[in-house]
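Here is what each chain is made of, one letter per residue.
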Amino acid sequence: MANDWFETVHEARRRAKRRLPRSVFLALVAGAQQGLTLRDNVEAYSEIGFSPHVVDLEDEPDLSTRVMGQDLSMPVLLSPTGVQAVHPEGELAAARAAANRGTAFGLSSFGSKPVEEVVAANPQTFFQSYWVGSKEDMAERAQRAKEAGAVGLIVTLDWVFSDGRDWGSPQIPSDIDLRTMIKHAPEVVFGGKFRYLWEYAKHGQLPELSVPNMAVGGQAPPKFFDAYGAWMNTPQPSWSDVSWLREQWGGPFMVKGITRVDDAKAAVDAGATAISVSNHGGNNLDGTPATIRTLPAVADAVGDQVEVLLDGGIRRGSDVVKALAMGARAVMIGRAYLWGLAANGQPGVENVLDLLRSEITSTLMGLRRGSPSELVRDDDLIVPPGFTHDLGAGYGNHIGVPVRSEGA
Ligand SMILES: Cc1cc2nc3c(=O)[nH]c(=O)nc-3n(C[C@H](O)[C@H](O)[C@H](O)COP(=O)(O)O)c2cc1C
């Protein structure tokens, strides 16, 4: 057991890579097109410095916070992610881990476990929906999540269907049948990925490729790719559609995928409780700046009207503290917990949350702050000139990722 413990999120990634079949691992690390945004999401944090104190430090900072009406023990939530075929317990393991660590779980509508089971595993579950199908379909899925006890709805709006990935898009099969097993056998056998299969064998199941929470009209759960196809064929909603969905839901409501100030203001007008400054972990339009660059302008513009969260590129507790000091109430993590899940199931996700908690704690202590709300951007951080982007704020715009020379 002790051997399964890892010291950093990067170590979890290494173990996930070792354990997962190549195509499954690639689906976890994927970014769109050239991967500019994917890299910038992570690397931008290293451009920001700290100005720590050395005496009179805080003993035990209080990390608790409140997001969408939920009391959380730390300002880190699990962001909704589909494709949790990294472990047989998938979303249930991740949801339980979040519950054990006192935080919320975002269940993707493209997840592999029914919302009823996930809410039972973590009562602080937010259900995430893309805009797929008719308004009736949207309302039906939201209603099911509500009846199951989901305590918030996340509507994800940031998706540009970018294809042509330089790293090669993952070959996710549409079904697990004999043909698929024969096709993927070499990467499992020659790649030495027996432990991955062993986990599934222990649970007496195969990787799940249907999406139970996308079912509507009493039909059987669609396969991942059928649901994906339906999504591709659904036009993006208008802000009045978003407002309509919020009214249907009638509870805490997050708009995920905001990068611009004008969109943040529109989300406020649509009645959002929270927004997440997000570019889908670099899986949206490549060339969109890192979320940490666009967060401050959004937080400054609407932070007093809506809860502002950020997701994208969080790999360390110090990244979390930088985002909090730049104006986020909390952050959501994606790949970090998926790697933990792949590396060691539920304890692996707990391991990731524990690492982040202790790193957030030590960073706050060094900054002599008793809680995230005490952070002061200009006093605690060293932010280089030109780092932030006021997208859609109507002044001083810098569109795109800044050009940095190799090794700079
Ligand atoms: C494999 C994978 C699947 C994802 N699936 C979804 C999804 O179904 N719904 C959603 O809103 N976001 C999805 N996301 C985006 C995450 O919620 C989040 O925005 C992103 O992972 C944050 O960046 P990070 O991975 O660098 O932490 C997915 C991300 C990954 C890596």
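Above this text you will find the structure in question.
Just so you know, these numbers come straight off a predicted model, no measurement behind them. (Residues numbered from 1 in each chain as written. Predicted model: local features only at pLDDT ≥ 70, side-chain atom pairs only at ≥ 80, totals over all residues. Heavy atoms only, no water.)

K.L.:
Talk me through unusual backbone geometry; I want residue IDs and the actual numbers.
P.N.:
Here Gln-33, not a glycine, exhibits a phi torsion of approximately 50°, which is positive. Among the structural elements, Gln-33 can be located in the loop between α2 (22–29) and α3 (36–43). Judged by its relative accessible area of 29%, Gln-33 is partly exposed. (Helix = DSSP H or I, 4+ residues; strand = E, 2+ residues; numbered from the N terminus. Buried < 20%, exposed > 50% of the residue type's maximum accessible area, 1.4 Å probe, protein only.)

K.L.:
Account for the side chain of Thr-81, with residues named and values stated.
P.N.:
Relative to the elements of secondary structure, Thr-81 occurs in the loop between β4 (76–78) and α4 (90–100). For Thr-81, a relative accessible area of 14% gives the class buried. Of the polar contacts made by the side chain of Thr-81, one reaches the side chain of Tyr-337; its length is 2.9 Å. (Polar contact = N/O pair within 3.5 Å; in protein donor to acceptor, adjacent residues only side chain to side chain.)

K.L.:
An account of the nonpolar core is requested, with residue identities and associated values reported.
P.N.:
Formed by 96 residues in total, the largest nonpolar core has its most connected members in Val-255, Ile-275, Ile-292, Leu-295 and Ile-333. At 14 residues, the largest contribution of residues to this core is made by helix α14 (residues 335–366). Sequence-distant contacts of Leu-295, defined by excluding residues within four places in its chain, comprise Val-277, Val-308, Leu-310, Ala-323, Met-326, Gly-327 and Ala-328. Ranked by size, the runner-up nonpolar core spans 12 residues in total, among them Val-67, Ala-104, Phe-126 and Met-332. (Core = buried A, V, L, I, M, F, W, Y, C linked by side-chain atoms within 4.5 Å. Contact = heavy atoms within 4.5 Å.)

K.L.:
If you had to explain the packing of aromatic side chains to someone new, which residues and values would you point to?
P.N.:
What the rule picks out here adds up to nine aromatic pairs. Geometrically, the ring pair formed by Phe-225 and Tyr-228 is edge-to-face, given 6.1 Å between the ring centres and 70° between the ring planes. Highlighted residues: Phe-225 and Tyr-228, both in helix α9 (residues 224–232), separated by three residues, approximately one helical turn. Accessibility expressed as a relative area gives 33% for Phe-225, which makes it partly exposed. Residue classification places Tyr-228 among the partly exposed residues on the basis of a relative accessible area of 25%. Of the aromatic side chains, those joined through ring pairs into one cluster are Phe-110, Tyr-130, Phe-224, Phe-225, Tyr-228 and Trp-231. Positioned above the aromatic ring of Trp-244, the side-chain terminus of Lys-135 is 4.8 Å from the ring centre. Stacked on the ring of Trp-249, the Lys or Arg Lys-146 has its end atom at 5.9 Å from the ring centre. (Phe/Tyr/Trp six-rings, centres within 6.5 Å; stacked < 30°, edge-to-face > 60°. Lys NZ or Arg CZ within 6 Å of the ring centre and 35° of its normal.)

Spatial relationships are all this shows, so hold off on functional conclusions.
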